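Descriptive analysis of the structure
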Amino acid sequence: MTEPSLTPSLLDWLEAQWAAPLVQRAFRFGLALLLGLWGLLLANTLGGLLLIAAMTLFVWGLRVRGMNALPTLPSPPIPATAEQEAADETPAPLAHAREAAGSTSSVNVAAVVRWGAALGPFIVTLAGSWLLSGRIESNIWPAVGLMVGGVVMLVLWVRQEKLDAWWAPLPTEARAEAPPDARSEAQAGETLRGARIRWRVAGVAALFTAVTFFAVSNNTFTPLGTAAWLVSLGAWLIAFWDGPAPWQHFPTWRWPGEFRWSLTSPLFLLLAVIGLSATVRLAHLDSVPIEMTSDHVEKLLDVSRILEGRRPIFLPNNGGREVLGFYLYALVSSILGLAAPTHLLLKTVNAVIGLLTLPLIYLAAREISDDDALALLAALAAGLAWWPNTISRNGLRFPLAPLFATLALWLFVRALKRREQNAALLAGLTLGLGLYGYTAIRIMPLVMALAFGLYALQSWRRAIAKQTARWLALSGVVFIAAATPLLRYAYDNPEAFLFRSLTRIAGDPGETRPPTWEVFLANEWNSLRMFHWMSDNAWLVSPPGQPALDWVMGGLFVGGLGVLAYRAVSRRGWLEAFLILGIPVALLPSTLALAFPIENPSLFRSGSALPLVFVIVAHGLRLLLETGRRLLAGRAGAWLGLGLVGIVLATTYQVNGRILFVDYAHHYARSARNASEVGRVIEGYAASLGSYNTAWVRPYPHWVDTRAVGMYAGNFHRDYAITFEELAETRALSGPKLFLFHLQDTESRPDGEPPTLPELRRLYPNGQLTTFVSQRPENKDFLIYFVPAAPTP
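Residues numbered from 1 in each chain as written. Predicted model: local features only at pLDDT ≥ 70, side-chain atom pairs only at ≥ 80, totals over all residues. Heavy atoms only, no water.

1. Structural notes on the overall build of the chain
- Along the backbone of the chain there are 32 helices and six strands.
- When each of the 793 residues of the chain is scored for burial, the buried share is 53%.
- Carbon and sulfur atoms form 65% of the exposed surface of the chain, whose accessible area is close to 36300 Å². (Helix = DSSP H or I, 4+ residues; strand = E, 2+ residues; numbered from the N terminus. Buried < 20%, exposed > 50% of the residue type's maximum accessible area, 1.4 Å probe, protein only. Areas by Shrake-Rupley, 256 points an atom, 1.4 Å probe, with all protein chains shown as cover.)

2. A closer look at the packing of helix α17 (residues 400-418) against helix α19 (residues 444-458)
- Two elements in contact, α17 and α19, have axes whose closest approach is 11 Å; the angle formed by their N-to-C orientations is 20°. Between α17 and α19, the interaxial angle falls into the category roughly parallel. Crossing angle aside, the handedness with which α17 passes α19 is right-handed. Every residue of α19 that contacts α17 at A405, A408, L409, F412 and L416 is listed here: M444, M448, A451, F452 and Y455.
- Tallied by class, the residues present in the contact of α17 with α19 amount to ten nonpolar, no polar and no charged. (Axes fitted to C-alpha atoms, helices over the stretch in contact; angles between N-to-C directions. Parallel < 35°, antiparallel > 145°, perpendicular 65-115°, else oblique. Left-handed = near helix turned anticlockwise from the far one by under 90°. Contact = heavy atoms within 4.5 Å. Nonpolar A, V, L, I, M, F, W, Y, C, P; charged D, E, K, R; others polar.)

3. Details of the pattern of salt bridges
- In this structure the tally under the stated criterion is 25 salt bridges.
- For R749, the salt bridge goes to D745, with nearest N and O atoms at 2.8 Å.
- Its relative accessible area of 9% is what places R749 among the buried residues.
- Where salt bridges share partners, they join D371, R622, E626, R629 and R630 into one cluster. (Salt bridge = Lys/Arg side-chain N within 4 Å of Asp/Glu carboxyl O.)

4. Section: the sheet that holds strand β5 (residues 768-772)
- If you trace the four strands from one edge of the open sheet to the other, you get β3-β4-β6-β5, paired in mixed fashion. At either end of the open sheet lies a strand with only one pairing partner, and these are β3 (695-697) and β5. In this sheet, neighbouring strand axes are inclined to one another by 20° on average, regardless of whether the strands run parallel or antiparallel.
- Pairing between β5 and strand β6 (residues 782-787): five bridges, direction antiparallel. Looking across to β6, one finds that T770 is bridged to I784. (Pairing = 2+ DSSP bridges.)

5. Quick notes on the nonpolar core
- Ranked by internal contacts, the top residues of the largest apolar core, which has 184 residues, are W387, F531, V613, F614, V617, V697 and L740.
- Core analysis: the next-biggest nonpolar cluster, separate from the first, contains 15 residues, L35, M55, L132 and A143 among them. (Core = buried A, V, L, I, M, F, W, Y, C linked by side-chain atoms within 4.5 Å.)

6. Remarks on a nonpolar patch on the surface
- A grouping of W141, V144, V148 and V152 is seen on the molecular surface, where their side chains present a nonpolar patch of about 350 Å² in accessible area.
- Tracing the sequence through the fold places V152 in helix α6 (residues 140-161). (Patch = residues over 30% accessible without salt bridge, like charges linked within 9 Å, V, L, I, M, F, W, Y side chains within 5 Å.)

7. Thoughts on unusual backbone geometry
- For the peptide bond that leads from V288 to P289, omega is 0°, which places it in the cis range.
- By the element assignment, P289 lies in the loop between α11 (266-281) and α12 (294-307).
- In this structure, P601 follows N600 across a cis peptide bond, with omega equal to 5°.
- For P601, the position within the fold is in the loop between α26 (588-591) and α27 (610-631).
- Phi is positive for N318, which is not a glycine, with a value near 55°.
- When its relative accessible area of 32% is taken as the criterion, N318 is described as partly exposed.

8. Brief notes about the side chain of H667
- Position of H667 relative to the elements: it lies in helix α28 (residues 634-671).
- For H667, a relative accessible area of 13% puts it in the buried group.
- Of note is the side chain of H667, whose polar atom sits 2.9 Å from the side chain of R670.
- Sequence-distant contacts of H667, defined by excluding residues within four places in its chain, comprise W539, S542, P543 and P544. (Polar contact = N/O pair within 3.5 Å; in protein donor to acceptor, adjacent residues only side chain to side chain.)

9. Section: helix α9 (residues 199-215)
- In a regular helix each residue adds 1.5 Å, so 17 residues correspond to 24 Å; α9 covers 24 Å between its end C-alpha atoms and thus fits that length.
- Of all the residues in α9, the buried ones are A202, A205, T209, T212 and A215. Viewed along the axis of α9, the buried residues span an arc of 150°, placing them on a single side of the element. Of the exposed residues in α9, the ones pointing more than 90 degrees away from its buried face are W199, R200, L207 and F214. (Expected span 1.5 Å × (residues − 1). Arc of directions from axis to C-beta.)

10. Comments concerning the packing of aromatic side chains
- Evaluation of the coordinates by the stated rule reveals 24 aromatic pairs.
- Ring geometry for W387 versus F614: centroids 6.2 Å apart, planes at 40°, classification tilted. Of this pair, W387 sits in helix α16 (residues 386-393) while F614 sits in helix α27; the two residues are 227 residues apart in sequence, bridging distant segments of the chain. For the pair shown, W387 and F614 are each scored as buried.
- When the ring of F412 is compared with that of F452, the centres are 5.3 Å apart and the planes differ by 85°; the resulting orientation is edge-to-face. (Phe/Tyr/Trp six-rings, centres within 6.5 Å; stacked < 30°, edge-to-face > 60°.)

11. Section: the side chain of E759
- Looking at the secondary structure, you find E759 in helix α32 (residues 756-763).
- On the basis of relative accessible area, E759 is assigned to the buried category, the value being 12%.
- If sequence neighbours within four positions are ignored, E759 has contacts with F724 and L727.

12. As for the confidence of the model for the chain
- With 81% of its residues at a pLDDT of 70 or more, the chain shows a mean pLDDT of 84.
- Long-range and interchain partners of residues 67-107, a stretch whose pLDDT sits below 50, account for 29 contacts in this model, where long-range means more than four residues apart. (pLDDT = per-residue confidence, 0-100.)

13. Considering the packing of helix α24 (residues 551-571) against α27
- As a packed pair, α24 and α27 sit with axes 7 Å apart at the nearest point and diverge in direction by 90°. The angle between the axes of α24 and α27 places the two elements in the roughly perpendicular class. When α24 is examined against α27, the residues M553, L556, F557, G560, L561, V563, L564 and R567 are found in contact with a partner set consisting of V613, F614, I616, V617, H619, G620, L621 and L623.
- Across the contact of α24 with α27, the residue classes tally to twelve nonpolar, three polar and one charged.

14. Some thoughts on helix α29 (residues 675-686)
- Taking 1.5 Å per residue, twelve residues should reach 16 Å; α29 reaches 16 Å between its end C-alpha atoms and fits that length.
- Summarising burial for α29: nine of the twelve residues are buried, a large majority.
- Among all positions of α29, only A675, S676, E677, V678, G679, V681, I682, Y685 and A686 are buried.
- On the buried face of α29, the contacting elements are β3, α30 (706-713), β4 (737-742), β5 and β6.

15. Points about the pairing of β6
- In terms of residue burial, β6 counts as a mostly covered element, since six of its six residues are buried.
- Alternating residues of β6 divide into F782, I784 and F786 and L783, Y785 and V787, and every residue in both groups is buried.
- Strand direction decides the pairing type here: β4 and β6, joined by six bridges, are antiparallel. Each residue of the ladder has a partner; that of F741, found in β6, is L783.

16. Here we look at the environment of G383
- Within the secondary structure layout, G383 lies in helix α15 (residues 372-384).
- When the C-alpha atoms of G383 and L358 are compared, they prove to be 6.8 Å apart, with 25 residues separating the residues in sequence.
- Excluding anything up to four places from it in sequence, G383 contacts S277, V280, R281, L358 and N389.

Here's what the structure looks like:
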């Protein structure tokens, strides 16, 4: 018989039950669920605080350690009943079966808790992002509370399960080539001394760079200047190339990873990603967006001038524009044999540029993470998201900034991680050539300097610092050589070259507004909120009120940021810190619109941040994939992870499709002027009753661009505008005549000029007035005044 002092009391037994891990988890998770539901129902500031408290309780529940089975403390003595006596006589096999059943029930509860702890962070974070997407002020705090709590839960789950095991510092083959961290200063110094410079070739390169600078005067790529420029670029690369000279041994750039001819190889999966992205990027390209703007007209006219033989280095008109895109449009137009460049040509070339950016995002993401799955997910996310799609399909030069920014990012990270001087040289070349693409790329040297600085701080030793400075200097020389023609133009015309950037900072000439720190900080805050709350006010690239990321990718972006921040602190990793800190630097072209804060955030000026953003989004997807593999063992776990990622991607595919092909398409058609309909009327008239020379459009404030009318009509170089004074001169022309004018140009005009309709009726009393009913939204009807030919005597 047990000693009385060793027999537990009923209070002891209850205390033991309360201390059981299973009971503690049930209590904490249950209370967290109640507070969370209460906070969601309130949907106000108090509700947000309740949600934060619920997240805290949930995290508290995750910290419960131990098995889920109840403690083995004996129960207090209770008089035995007949059923208990019968149970004592139960045969041993049956008793073992009941014990096993009890153990299974405990394991099932543990599995439920584990699954909740694994998937809960994603569900909570996405719920907060979805709540925030409604853009309701009262939902801000609850949404932020959910997202913060979800990120904390995700970080704890990553820490507990060590989910970042797939993040490796270098692939196996690169580790063998790279100097180990424990290498001595002497060994590192030998490596630095071995990377020699071919000084004679460098002298030749410097000579041709000087010739380039003096030969490309008058803003023209002269034959001598162009030839000297190309020779100088090749010579600089040869002079600085690490290893055998190119004529001795051509460097081979093999596919980053094992090349296998199978449907599961990274190459075929990347081709599948590009193919799926093309279904979005190229879909309805002729109608989304549907109309040209004056910017498109300027672009087409410049392309036409290049086709006629002009070779500009920089285009100072329309605020100043870089020329690479125009040369690409002209080249494709010549290859296709088009009679004149078109709006569809601009959109198609830009869409292809956007597709070419996707494999570069794959390469950059793989170089950062050494993980094919994450790289594929980054490329796919960028292919499906509405933000890259709109800036790639609207026909302006915007996608050139993400293209060169991504290529430079891949090469710079490769140079630092693998300690490859040649990659640094090619990165400098990429940045130099990228300056001819779009203005936003000018910030990338600062982004790359940030990468160099973080790398040097993490690996601070004298030899490493010298090596990093060497790469920076050599890549800078190649960068300057590549930018030499543009630098010559900037030297000759500094105001024209900097006009667009300076006016965004200080205002238009004559209306200078000194920038202030308050405006800068407000702009910085708004640009950082562009992924979840703030929207671009330009209808050219964005539907109203739509942040840069949809709610699905917005939630994944927050989760990825949280995990990267945890890694940056716990591992002191320079790459993780660079991904986070590089975004506000890459957003500076938008943030620095200090004179026009309404233009911030700007989706197209933020294009250089695209690769960083979607690499972070891919981290959220990759963690979801890895979570499935941790929940179930073997192939079942892999399929579970793929299924979870597939559900998320299918949801974001649907959401982004609605944003792009419904919200954006409708808002663009509602905001743009219907020059195409005006042009088609003139085209039909010229093909039937009259001619191109006897049709005119009366300009009206904020109406169609009359140059675009000529392009849509098939008469590319004709501006169909006619002044009020010129109306009377049309009487000297014989044959029928056609006049098109604004619906309200009948009695008065906002610009103070005489109305058009009374004058036409005075000049041509026999004219016929009709109203063209537009198919565009927002009442874009216009008036047609047809004058039949005078009868022959």
